[in-house]
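# Notes for the structure review
The primary structure of each chain is shown beneath.
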Amino acid sequence: MKYFFLSEGWAVARVWASDGLWQITAWRRQPDIQRMNICLVEQNELLWLYRVEEAVLTVEVKPTTAVIASQTIGQVVLKRLMSAEQVIERLGTAETKCQLQNIHLVVQ
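Residues numbered from 1 in each chain as written. Predicted model: local features only at pLDDT ≥ 70, side-chain atom pairs only at ≥ 80, totals over all residues. Heavy atoms only, no water.

Our focus in this paragraph is the sheet that holds strand E4 (residues 33-42). Sheet architecture is open: three strands sit in the order E1-E5-E4, paired in antiparallel fashion. Pairing within the sheet leaves two strands with one partner each, and these edge strands are strand E1 (2-7) and E4. Ignoring strand direction, the axes of neighbouring strands in this sheet form an average angle of 30°. Where E1 and strand E5 (residues 45-52) come together, six bridges link them in antiparallel fashion. For Ser 7, the partnering residue across the bridge sits in E5 and is Leu 47. Along the sheet, helix H3 (residues 84-93) makes contact with E1, E4 and E5, crossing E1 at roughly 40°. (Pairing = 2+ DSSP bridges. Helix = DSSP H or I, 4+ residues; strand = E, 2+ residues; numbered from the N terminus. Axes fitted to C-alpha atoms, helices over the stretch in contact; angles between N-to-C directions. Contact = heavy atoms within 4.5 Å.)

In structure tokens, the structure reads:
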């Protein structure tokens, strides 16, 4: 698995694999990209952790609203996805908070 952090208000657009742009007809499915329930707060901005399958090499992201798009650049291409070790290192150096909705899921 590979990972990346993405600001609140941004969404995944196009995805590339080793053979080029992800083709749903060729792969017969969407790429496996999942937002996890982990985020960082950095300069009052939420950065959500996403998990992607190993076949994904590059991810293009875009703002989801016109307000965000007018305040930022139109799109970003993420070429350096993170390993699990890099995510843990990043979480360890960030000022993070853990907010649990259901403590029973953690202490079973």
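From this point, things continue past the structure.
The subject of this paragraph is the pattern of salt bridges. Under the criterion given, the structure shown has three salt bridges. Between Glu 53 and Arg 29 there is a salt bridge, with its nearest N and O atoms 2.7 Å apart. Remark: Arg 29 occurs in the loop between helix H1 (24-27) and E4 and Glu 53 occurs in the loop between E5 and strand E6 (56-63); sequence separation between them is 24 residues. (Salt bridge = Lys/Arg side-chain N within 4 Å of Asp/Glu carboxyl O.)

Ordered by their spatial adjacency, four strands build an open sheet running E3-E2-E6-E7, and the pairing between neighbours is antiparallel. This sheet does not close on itself; its edge strands, each paired only once, are strand E3 (20-21) and strand E7 (76-78). Sheet analysis places strand E2 (residues 10-17) next to E6, joined by six bridges and oriented antiparallel. Each residue of the ladder has a partner; that of Trp 16, found in E6, is Thr 58.

As a further point, take the environment of Val 12. The topology assignment puts Val 12 in strand E2. Classification of Val 12 by relative accessible area gives partly exposed; the value is 29%. Sequence spacing of Val 12 and Val 59 is 47 residues, and the spatial spacing of their C-alpha atoms is 6.9 Å. Those residues in contact with Val 12 that sit more than four places away from it in its chain are Phe 4, Leu 6, Ile 33, Val 59, Glu 60 and Val 61. (Buried < 20%, exposed > 50% of the residue type's maximum accessible area, 1.4 Å probe, protein only.)

Worth remembering: the numbers are spatial, not functional.
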